Amino acid sequence: MKLTAAQSHALAHVEERAAFLSEGCARIFDFAETAWREYQSAAWYVQTLRAEGFTVEEGSGGMPTAFCAEWRNEVGTGEMPIIGLYAEYDAVPGNCQAASTQREPRAGLGYQAGGHTDPHSGLGMSGLGGLLATKAAMEKHGIRGGLRFMGEPAEKVRGSKPIHAAKGYYDGLAAMLSFHPFYMLPMCNTVRWDTHCGAAYAMIYRFIC
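Let us look at the structure shown here. Being a predicted model, the structure only gives us computed values, none of them experimental.

Calculation criteria
Residues numbered from 1 in each chain as written. Predicted model: local features only at pLDDT ≥ 70, side-chain atom pairs only at ≥ 80, totals over all residues. Heavy atoms only, no water. Axes fitted to C-alpha atoms, helices over the stretch in contact; angles between N-to-C directions. Helix = DSSP H or I, 4+ residues; strand = E, 2+ residues; numbered from the N terminus. Left-handed = near helix turned anticlockwise from the far one by under 90°. Contact = heavy atoms within 4.5 Å. Nonpolar A, V, L, I, M, F, W, Y, C, P; charged D, E, K, R; others polar. Salt bridge = Lys/Arg side-chain N within 4 Å of Asp/Glu carboxyl O. Buried < 20%, exposed > 50% of the residue type's maximum accessible area, 1.4 Å probe, protein only. Phe/Tyr/Trp six-rings, centres within 6.5 Å; stacked < 30°, edge-to-face > 60°. Lys NZ or Arg CZ within 6 Å of the ring centre and 35° of its normal. Expected span 1.5 Å × (residues − 1). Arc of directions from axis to C-beta. Lys, Arg positive; Asp, Glu negative; His and termini not counted. Polar contact = N/O pair within 3.5 Å; in protein donor to acceptor, adjacent residues only side chain to side chain. Pairing = 2+ DSSP bridges.

Contact pair helix α2 (residues 18-31) / helix α4 (residues 120-140): the axes reach a minimum separation of 9 Å and the direction vectors enclose 150°. Handedness of the α2/α4 crossing: right-handed. Residues F20, L21, G24, C25, I28 and F29 of α2 pack against S121, G122, M125, L128, G129 and L132 of α4. Grouping the constituent residues of the contact of α2 with α4 by class yields eight nonpolar, four polar and no charged.

Below is the structure:
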């Protein structure tokens with residue numbers, strides 16, 4: 001399939017920003033902040049998004065380490081479709097790992113510290129790379145529309161997505177693009193995506209005995 005000029009521009013933009021994205025991934029990897037404690041990680045995203053021209057709400061949905069970033073290209077007339085993307089950046093407790101080819105914790109820490117072995121450090125940065133490439137292509141080729149980028153903390157405990165959804169942060173989107181690398185391709189089907197990578201489901205069970 002032949003790519004459009006806008007698609008080619010987006011791909012070229014990813015290549016141009018590869019070093020920046022790699023450095024950002026390493027930064028989030030080193031922060032390695034676990035659920036609801038991702039203060040440095042969220043601050044990095046907020047600062048970066050504002051520098052890229054986004055309007056950013058910090059602490060969206062009443063969650064201190066969440067955010068919601070918006071940008072619109074109001075050229076021309078007609079519909080204004082808003083596309084959503086998101087970043088996850090919580091580390092996993094008990095998974096401290098150095099950026100190494102062997103099993104070893106980061107310097108000065110033990111294995112029980114948080115670590116990005118999933119890794120959400122890369123997942124969030126991939127979402128950011130796609131977001132910035134899409135914005136660049138929309139600006140270059142006069143594409144009318146908007147982008148909404150959600151900062152989703154505490155994903156491992158199904159923390160922020162159900163709250164954002166309940167409070168209307170996903171409302172009005174033409175589409176929500178979800179990216180998650182997965183190594184077991186036969187199991188990576190639509191049922192898994194609907195229950196694992198979207199707004200997800202969250203329940204608290206209380207046992208009285």
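Moving on from the model shown.
For the structure on display, the rule yields seven salt bridges. Between K156 and D118 there is a salt bridge, with its nearest N and O atoms 3.0 Å apart. In this pair, K156 sits in the loop between β4 (145-152) and α5 (160-166) while D118 sits in the loop between β3 (82-88) and α4, placing the two residues 38 residues apart along the sequence. Residue K156 is classed as partly exposed on the basis of its relative accessible area, which comes to 44%. For D118, a relative accessible area of 30% gives the class partly exposed.

This part takes up the packing of aromatic side chains. One pass over the full model with this rule turns up seven aromatic pairs. Ring geometry for Y45 and F149: centres 6.5 Å apart, planes at 45°, overall tilted. Of this pair, Y45 sits in helix α3 (residues 39-51) while F149 sits in strand β4; the two residues are 104 residues apart in sequence, bridging distant segments of the chain. Each member of the pair, Y45 together with F149, is buried. When the ring centre of F20 is taken as origin, the NZ or CZ atom of R17, which lies over that ring, is 4.5 Å away.

Quick look at α2 now. The terminal C-alpha atoms of α2, which comprises 14 residues, lie 20 Å apart, in line with the 20 Å expected from a rise of 1.5 Å per residue. Within the sequence span of α2, burial applies to L21, G24, I28 and F29. When α2 is viewed along its axis, its buried side chains cluster within an angular range of 140° and face the same direction. On its buried face, α2 sits against α3 and α4. Once α2 finishes, A32 follows within two positions and takes phi at roughly 45°, a positive value.

Here we come to the side chain of D90. Tracing the backbone shows D90 in the loop between β3 and α4. The side chain of D90 sits in the buried core without any salt bridge; K156 is the nearest counter-charge, 6.8 Å away. Among the polar contacts listed, one links the side chain of D90 to the side chain of H120, at a separation of 2.7 Å. Look past the residues within four positions of D90 in its chain and what remains in contact with it is E33, T34, A35, E38, H116, H120, A154, E155 and K156.

Overall, mixed pairing links the five strands, which are arranged β1-β2-β4-β3-β5 in an open sheet. A single partner strand is all that each edge strand has here, and the edge strands are β1 (55-58) and β5 (175-176). Across the sheet, α4 is in contact with β2 (67-73), β3 and β4; its angle to β4 comes to roughly 165°.

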